[in-house]
Amino acid sequence: MGTHTWPGPPAPHPAATEPDGPLDPPPPRQPPSIPGELFVGRAAELGVLTEALSPTGLPAGTKTALIWGPGGVGKTWLALRWAHRNAESFPDGLLHLDLRGHDPVTPPVTAEEAVRDLLLALGADPRTIPPAPEAQAALYRDMMAGRRMLVLIDDAPSTRHVQALLPGTSTSAVLITSRRELDLPAAARIPLGGLSEQEASRLLVRAIGTTRPHAVRDLLRRCAGLPLALGLVAARLATRPHLPVETPTAATALVSEPLAEQDAALRAAFEASWLGLGEDARRLLLALAPAPVPDVGLAAAASLAALPAARTRTLLRLLEAAHLVIEHRPGRFRMHDLVRLHTLRQAGPASTAAALRRLVDHYMYTAHHGAITLAPQARPITMSQAPGVHPALPATGQDALDWFDTERDCLLTLLRWTAEQDWNEDAWRIAWSVDEMLRRGGHVHDRVRVWESAVFAAERLGAADVQCLAYRRLAHAHDEAGDHAAALPARHRALALAAHLRDRRGQAQTHRTSAFPPRAGAQAARVPSDAPPARPGARRRLG
């Protein structure tokens, strides 16, 4: 093969003032915003955080602070408020990780996944991230050395999760929220309780005015000082300014009593908000609650509720105004885990199953269309589509990659969920559909996880052709990640299945991908798009 030499770009004009080499990317600024009208008080807590995390503090290890307390008490809002107020103290960036430690639907982010997410946020090439978790953690500490950054770890489920994410440098700070008092000896601890009566009054007065003091006092008592409950009640009052709450009876209808426990306060506040919703808004909220993804965009939300996109957009804004959903990033919506939990109590199994079916179809069809757009020579998979689904259908290869970058966490979480729920046909089809996008983006470790889930689903499906494909792709994914020892048993299994099927083409493809295993950091060799033929009626439906 001949060698082609690229002559390089033409010399710049002498008058040109462009800098030599590419511009450095801007520092990451990941923490989402918070609704400003919902944050009141917490002056003492903000002061403790400033003292504990100030860059001028003692240089004796990572500056760490832990905000802990029950759900709905405002831990995340406090952490985000401090992070945004003090962003200038961390010129190298602010990182944010939601570990989903108490989400009732989606599983917590593992420590290993969290470290990889931080490495990607720091600019690491996914192809060069080492396969071993210990080596990944060491790389993370090396990349953080000397940087002045804030790492915000939200909803941590355990001490183990947090320990792997500490950068080990005195120039950076770590702010953690959790419902547990984690065992972090060097961390400043901030136990968070309900708002004081004065602070909570300020929040409610913004919604119902100062001319109704008796109503404010009565509602304060019933909301137990929880910002989440107060926010739900305040939102309902803001949208219904003439709602009578002056008498104890009327106030009780808004927030039921007795409210001896905080969970009761949240449940009562949610039920009051629920009663104020229209039919379509309830339909969307009920569809969003069981969705096993970290968040949703407009198209996924429309598919979940089987509603037109324009109507869904309006409803999302309505639910956001009621503080039942949060637009935590532009165009991305999620529910507080306690709001999600209370919504799930309202949902019926039939409507939940239909919404989940539409969600899986939305992601599966959009990913499949993106794969075919990126690799037109691939053999499409024949699939049926549930009514009401609104796939995004990217028009170009770049559109497909941009969509995948936005939806990567949702796709990987949904793939694992389909495999665990015995939706085996869906699991391997999603894996096949995202494979090209994973390889193009160099997400070698994610690709291993994807094909491990696909192998699990293929084994339960019992289809030898799908098993052969899944094991072959898993072997190649391990090779890409630099773990050639792990690739061997998967490759041997793929070859045995291909021999059993008398599939010479499959045997050749397996040998081809193993002939020259890609080196770490190298572009992966192309794998043929070798989807097995569809089996009519093979899709398993929930229930």
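Residues numbered from 1 in each chain as written. Predicted model: local features only at pLDDT ≥ 70, side-chain atom pairs only at ≥ 80, totals over all residues. Heavy atoms only, no water.

Caption draft 1: Structural view of the overall build of the protein chain. A tally of helices and strands in the protein chain yields 21 helices and seven strands. Across the 543 residues in the protein chain, those meeting the buried criterion constitute 52%. Counting only contacts in the protein chain whose residues sit at least 6 apart along the sequence, the fraction spanning at least 24 positions is 73%. For the protein chain, the accessible area works out to roughly 24000 Å², and carbon and sulfur atoms hold 56% of it. (Helix = DSSP H or I, 4+ residues; strand = E, 2+ residues; numbered from the N terminus. Buried < 20%, exposed > 50% of the residue type's maximum accessible area, 1.4 Å probe, protein only. Contact = heavy atoms within 4.5 Å. Areas by Shrake-Rupley, 256 points an atom, 1.4 Å probe, with all protein chains shown as cover.)

Caption draft 2: How the structure looks around unusual backbone geometry. We note that R100 has phi near 50 degrees; this positive angle belongs to a residue other than glycine. With respect to the helices, strands and loops of the structure, R100 is situated in the loop between β2 (94-98) and α3 (111-121). The backbone of L393 sits at a positive phi, close to 50 degrees, despite the residue not being glycine. Relative to the helices and strands, L393 resides in the loop between α15 (349-374) and α16 (397-420).

Caption draft 3: Structural context of helix α19 (residues 464-480). Between the first and last C-alpha of α19 there are 24 Å, a value that for 17 residues agrees with the 24 Å anticipated at 1.5 Å per step. For α19, the tally of buried residues reaches 15 of 17 residues, placing the bulk of the element in the interior. One or two positions beyond α19, positive phi appears at G482, with a value near 85 degrees. (Expected span 1.5 Å × (residues − 1).)

Caption draft 4: Inspection of the nonpolar core at higher detail. Ranked by internal contacts, the top residues of the largest apolar core, which has 124 residues, are L49, L175, L285, L288, L319, L324 and Y363. Not counting residues up to four positions away in its chain, the partners in contact with L175 are L49, L53, A65, I67, A79, W82, L150, V151, L152 and I153. Listed in part, the 26 residues of the second largest apolar core include L99, V109, L182 and L184. (Core = buried A, V, L, I, M, F, W, Y, C linked by side-chain atoms within 4.5 Å.)

Caption draft 5: Fine view of the sheet that holds strand β1 (residues 63-68). Pairing within the open sheet is parallel, and its five strands lie in the order β2-β3-β4-β1-β5. With one partner strand each, in any of the chains shown, β2 and β5 (188-191) form the two edges of the open sheet. Sheet twist, expressed as the average angle between the axes of neighbouring strands with direction ignored, equals 15 degrees. One ladder, built from four bridges, connects strand β3 (residues 150-154) with strand β4 (residues 173-178); its direction is parallel. Across the sheet, L152 pairs through a bridge with L175, a residue of β4. The sheet strands contacting helix α1 (residues 43-53) are β1, β4 and β5, and the helix crosses β1 at an angle near 155 degrees. (Pairing = 2+ DSSP bridges. Axes fitted to C-alpha atoms, helices over the stretch in contact; angles between N-to-C directions.)

Caption draft 6: Quick peek at the pairing of β3. The buried fraction of β3 amounts to five of the five residues, a majority that puts the element mostly inside the structure. Bridge count for β2 against β3 is five bridges, and the pairing is parallel. Its bridge partner being in β3, H96 is matched across the sheet by L152.

Caption draft 7: Local environment of the pattern of salt bridges. A complete count under the given rule lists 27 salt bridges for this structure. Residue R416 is joined to E113 by a salt bridge in which the shortest nitrogen-to-oxygen separation is 3.5 Å. Of this pair, R416 sits in helix α16 while E113 is found in helix α3, placing the two residues 303 residues apart along the sequence. You can call R416 partly exposed: its relative accessible area is 21%. On the basis of relative accessibility, which here comes to 10%, the residue E113 falls in the buried class. Residue R357 pairs with D426 through a salt bridge whose shortest N-O separation is 2.9 Å. Note that R357 is positioned in helix α15 and D426 in helix α17 (residues 424-441), a separation of 69 residues in sequence. (Salt bridge = Lys/Arg side-chain N within 4 Å of Asp/Glu carboxyl O.)

Caption draft 8: Structural detail: the side chain of E425. Take E425: it is sitting in helix α17. Within the structure, the side chain of E425 is placed 3.0 Å from the side chain of R429, a separation counted as a polar contact. (Polar contact = N/O pair within 3.5 Å; in protein donor to acceptor, adjacent residues only side chain to side chain.)

Caption draft 9: Seen up close, the packing of helix α18 (residues 444-461) against α19. Where α18 contacts α19, the axes come no closer than 8 Å and their chain directions differ by 160 degrees. On the basis of the axis angle, α18 is roughly antiparallel to α19. Along this stretch, α18 crosses α19, giving a crossing that reads as left-handed. From α18, V444, R447, V448, W451, E452, A454, V455, A458, E459 and L461 reach across to α19, where they touch V466, Q467, A470, Y471, R473, L474, H476, A477, H478 and E480. When grouped by side-chain class, the residues that make up the contact of α18 with α19 number twelve nonpolar, three polar and five charged. (Parallel < 35°, antiparallel > 145°, perpendicular 65-115°, else oblique. Left-handed = near helix turned anticlockwise from the far one by under 90°. Nonpolar A, V, L, I, M, F, W, Y, C, P; charged D, E, K, R; others polar.)

Caption draft 10: Spotlight on the environment of D399. By the secondary structure assignment, D399 is in helix α16. On a C-alpha basis, the gap between D399 and G370 in space is 8.0 Å, while along the polypeptide they are 29 residues apart.

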